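# Survey of secondary and tertiary structure
This is what each chain is made of:
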Amino acid sequence: YPLLILITISQYHLFNFTKMNSCSSSNPFHVFNDKVIIAMVGLPARGKSYLSQTIVRYMNYCGCPTSIFNAGNLRRRDGMAGRDAAFFDASNKDAKNIREMLAMECLEAAIQWVQDPSRRGCSIGILDATNTTAERRKKVIDRINEVAESDPGVKLLFVESITDDTAILENNFRMKLSNKDYADSDAEAALLDFRKRVEAYEAVYETISEDVDGNNTRYIKLINAGEKLITKNIEGFLLRRVQRLLGSVHLYPRTIWIALVGENENDLKGVLGGDPCLSEAGLEYAEGLRDLISEREKECQTTYGEPGVGKVVIYTGTSQKYIRTGQILCEKKKGQRALAQSVMGFSFYIPERQVLNLGTMNDINAGQLDSLSEHEREVRYPEEVQARKLDKLNYRYPGTGGESYQDLISRCGDVVCMLEQSRGNSLIVCDRAVFRVVAAYFLGKTIEEIPHMEVNGVLELSRNEDGFYSKEFEVTAGRATTSHGAGTVLGTISED
C-alpha cells in the first residue's frame, strides 16, 4: 500500500514536490481528462467562427489545449476559394458531396488531435462547419459513438447559433466581406452573392431538436447573440466551463482598452508591491490616459450599452493608486465631474464613465516578498528569485496570500467573462501582470506565453469577424508604473 507522508514546507517547495508527481497539478484542466469534439451548427454569418475563436481563446488561456478545424479553410486550401452561391445549393449533388467529404475530413483531424497521447488533461477540437442538416449531424454522431467505444473519454457537443436580429445580421454580413472567398471582389456584388449563399443553406436548414437528433444529444443553443441560451445534457467539468463561457458571449460591437496604471511612490523608491499613492508623474499619466480614451471613444465602434451604465465602464483594483486613477478618469477636466446623460429615453444621473473597483484586478500577490526592493529580495530570498525565474507560470510566492501566474489567471476568469458580457466599451487599468493575463485572452495567447508577454502603453481591442483586432497607443504625459512590479528579476526588464 502506498505510504502517504505529510510534510510542512514552503508553498514553493510544495509546488516543486508536486511537480515531480504526475498526479498533481495546480491547474484543473490538467487533472480532468475530457476530450470534447464541439461541432458548430448554424447558417452562415450567425457568429459560428467568432464563437469558435472565443472558445479557443478562453480554453487555451485557461490551459486546455483547443484547436479549430474549419471546413471552409480546407475547401480554400484545396483550390476551391471564391466559389459562388451555386456551390452551396443542395441540388448541386457534386458540390454537396465535396462539402460532405471536407466536413468529415475536418472531423477526423479533430478526433486525431484530441486523442494525441502526448497531451495531458483536457482537450477540445472544434468542427467549424455549418452542420445544418440532420443527415450531416447523424454522420458526426455515428462517428463519435464509434470512437467512444474504444475511448470513452471522447464526447460530442453541438453548439448552434441562431440569429434573426436584423441589426446583428447586417453587421455580420458586412464583416463576412473580409472572408477570403471575396478577396478582390466588388463589395456590393460580394454581399449579393453571400445573401444567395445564405438562402441556399436556409432551404435545407434543420435546427437541433430531440425529435430530429435524438434525446441523448448534447447541445447548447445561443439565440440572438446571448438573448436566450438553451442547453441539453451538459455535464462534467469541461462542458460546464464551455456553457459558462457561451452564456457570457454576445456579437455586438464594442471596444476594450487595457492600460497600465501610473507611476507610484514605491516605483520611485525601488520598492515592489505595497499600497502606495500615485507619484506626480503618475497623476499626470492618469490625466493623459483620460484624454487619450476620450479621443479614441470618438472613433471606436460601440453599442448603446445597457440602462444604468455609462459610455465606458472602468475595471480596476482596490488599492490607492487604482482608486485615484479611477477618480481622474471620471473627470472631464481636472476637478470637473462628467455630465449626466440620458439612456434609452430615461433620465438618470450616470457619469459618462463608471468605475468598478475589484480585488480580482489587483496586482499579483507577492506574499512575504511584498514591499521589498529588488536588492532586498536578492539578498534575503535568493532561492525564491531564482525559482521564479526558472518557472514564472507555476512559481507561487511564499507566505500568506502568495500567488502564481496560474492563480492570477484563475482569479481573472470572472473579469474576462464580465468583459465578454458587457455591451458597452470597457477600460481596464492595472499593473503588468494583470495586463498580461487579460490581454492574453483577447489576443489568443496560450497559458505558457502569458508570463512572458511584452507590455506597452495602451492596448485597444475592437471586434472583428473572428474575434478582436488590436492597436497600441502611448500616453505621452507623465509616466506609467515601471517594469519593477512584483517579482522582478534583477538585471532584466518587464519581468514582473
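Keep in mind that this is a model prediction, so the values were computed, not measured.

### Structural notes on the overall build of the chain
- Counting its regular elements, the chain contains 17 helices and 18 strands.
- Split into buried and exposed, the 496 residues of the chain put 53% on the buried side.
- Considering only intrachain contacts with a sequence separation of at least 6, the fraction spanning at least 24 residues in the chain is 74%.
- Split by element, the accessible area of the chain, about 22300 Å² in all, is 51% carbon and sulfur.

### Section: the packing of helix α16 (residues 413-421) against helix α17 (residues 432-443)
- Where α16 meets α17, the axes come as close as 10 Å, and the angle between the chain directions of the two elements is 50°. Relative to α17, the element α16 is oriented oblique. In terms of crossing hand, the pair formed by α16 and α17 is right-handed. Where α16 abuts α17, its residues Val416, Leu419 and Glu420 lie against Val438, Tyr441 and Phe442.
- Considered class by class, the residues forming the contact of α16 with α17 number five nonpolar, no polar and one charged.

### Regarding the sheet that holds strand β16 (residues 425-430)
- As summarised here, the arrangement of the six strands in space is β14-β9-β16-β7-β17-β18, forming an open sheet in which the pairing is mixed. In this open sheet, the two edge strands, each paired with only one partner strand, are β14 (353-357) and β18 (468-473). Within this sheet the neighbouring strands show an average axis-to-axis angle of 20°, counted without direction.
- Here strand β17 (residues 458-463) runs beside β18; their pairing, made up of six bridges, is antiparallel. Within the sheet, the bridge partner assigned to Leu459 lies in β18 and is Glu472.
- On the sheet, helix α11 (residues 280-297) packs against β7 (255-260), β9 (312-316), β14, β16, β17 and β18 and is oriented at approximately 165° with respect to β7.

### Examining the pattern of salt bridges
- For the structure on display, the rule yields 28 salt bridges.
- The partner of Glu146 in a salt bridge is Arg143, with the nearest N and O atoms 3.3 Å apart. Of the two residues, Glu146 and Arg143 both sit in helix α5 (residues 134-150), three residues apart, roughly one turn of that helix.
- For Glu146, a relative accessible area of 49% gives the class partly exposed.
- Residue classification places Arg143 among the partly exposed positions, given a relative accessible area of 22%.
- Each member of the salt-bridge network shares a partner with another, and the members are Asp34, Lys155, Arg218 and Glu235.

### Description of the packing of aromatic side chains
- Under the criterion given, the structure shown has seven aromatic pairs.
- Between Tyr441 and Phe442 the ring centres are 4.7 Å apart and the planes differ by 75°, which places this aromatic pair in the edge-to-face class.
- The class of Tyr441 is buried, set by a relative accessible area of 0%.
- Here a set of aromatic residues connected by ring pairs shows up, and it is made of Tyr58, Tyr61, Tyr441, Phe442 and Phe468.
- The ring centre of Trp113 lies 3.9 Å from the NZ or CZ of Arg119, which sits over that ring.

### Observations regarding the side chain of Thr133
- Tracing the chain through its elements places Thr133 in the loop between β3 (123-128) and α5.
- The exposure class assigned to Thr133 is buried, which follows from its relative accessible area of 17%.
- Once you skip the residues sitting within four places of it in the chain, Thr133 turns out to touch Val204 and Glu206.

### Here's the deal with the sheet that holds strand β4 (residues 154-162)
- Pairing within the open sheet is mixed, and its six strands lie in the order β2-β3-β1-β4-β5-β6. Only two strands of the sheet have a single partner each, and these edge strands are β2 (66-70) and β6 (228-232). Taken over all neighbouring pairs, the strand axes of this sheet differ in orientation by 20° on average, direction set aside.
- Where strand β5 (residues 219-223) meets β6, five bridges bridge the pair, whose relative direction is antiparallel. Each residue of the ladder has a partner; that of Ile223, found in β6, is Lys228.
- Sheet contacts for helix α2 (residues 48-62): β1 (35-41), β2, β3, β4 and β5; angle to β2, the most-contacted strand, approximately 160°.
- Sheet contacts for α5: β1, β3 and β4; angle to β4, the most-contacted strand, approximately 160°.

### Examining the environment of Ala225
- Structurally, Ala225 can be placed in the loop between β5 and β6.
- In sequence terms Ala225 and Asp164 are 61 residues apart; their C-alpha atoms lie 9.7 Å from each other.
- In contact with Ala225, other than residues within four places in its own chain, are Ile168, Val249, His250, Leu251 and Arg423.

### Observations concerning the confidence of the model for the chain
- Residue-level pLDDT values for the chain average 82, and 82% of them are 70 or greater.
- Confidence drops under pLDDT 50 across residues 1-22; counting only partners more than four residues distant or on other chains, this segment forms 18 contacts.
- With pLDDT under 50 throughout, residues 335-350 is counted as low confidence; its partners more than four residues away or in other chains account for 34 contacts.

### Brief notes about the packing of α11 against helix α12 (residues 320-329)
- Contact pair α11 / α12: the axes reach a minimum separation of 9 Å and the direction vectors enclose 40°. In terms of orientation, α11 and α12 fall into the oblique class. The hand of the α11/α12 crossing is right-handed. Along the contact surface, α11 presents Leu283, Ala286, Glu287, Leu289 and Arg290, while α12 presents Arg324, Thr325, Ile328 and Leu329.

### Points about the pairing of β7
- Of all the six residues making up β7, six are buried; the element is thus mostly covered by neighbouring parts of the structure.
- Examined bridge by bridge, β7 and β17 share five bridges and lie antiparallel to one another. Its bridge partner lying in β17, Trp257 is registered against Glu460.
- Note: β7 against β16, five bridges, orientation parallel. Looking across to β16, one finds that Ala259 is bridged to Val429.

### Describing the nonpolar core
- Of all hydrophobic cores here, the largest spans 82 residues; its most connected members are Ile38, Tyr61, Ile124, Leu157, Ile258 and Leu427.
- Considering each element in turn, this core owes the most residues, nine residues, to α17.
- Ile258 has contacts with Ile428, Cys430, Phe435, Val438, Ala439, Gly457, Val458, Leu459 and Leu461, leaving out every residue within four places of it along the chain.
- Counting residues in hydrophobic clusters, the runner-up holds 29 residues, among them Ala39, Val41, Phe69 and Tyr219.

Criteria and thresholds
Residues numbered from 1 in each chain as written. Predicted model: local features only at pLDDT ≥ 70, side-chain atom pairs only at ≥ 80, totals over all residues. Heavy atoms only, no water. Helix = DSSP H or I, 4+ residues; strand = E, 2+ residues; numbered from the N terminus. Buried < 20%, exposed > 50% of the residue type's maximum accessible area, 1.4 Å probe, protein only. Contact = heavy atoms within 4.5 Å. Areas by Shrake-Rupley, 256 points an atom, 1.4 Å probe, with all protein chains shown as cover. Axes fitted to C-alpha atoms, helices over the stretch in contact; angles between N-to-C directions. Parallel < 35°, antiparallel > 145°, perpendicular 65-115°, else oblique. Left-handed = near helix turned anticlockwise from the far one by under 90°. Nonpolar A, V, L, I, M, F, W, Y, C, P; charged D, E, K, R; others polar. Pairing = 2+ DSSP bridges. Salt bridge = Lys/Arg side-chain N within 4 Å of Asp/Glu carboxyl O. Phe/Tyr/Trp six-rings, centres within 6.5 Å; stacked < 30°, edge-to-face > 60°. Lys NZ or Arg CZ within 6 Å of the ring centre and 35° of its normal. pLDDT = per-residue confidence, 0-100. Core = buried A, V, L, I, M, F, W, Y, C linked by side-chain atoms within 4.5 Å.

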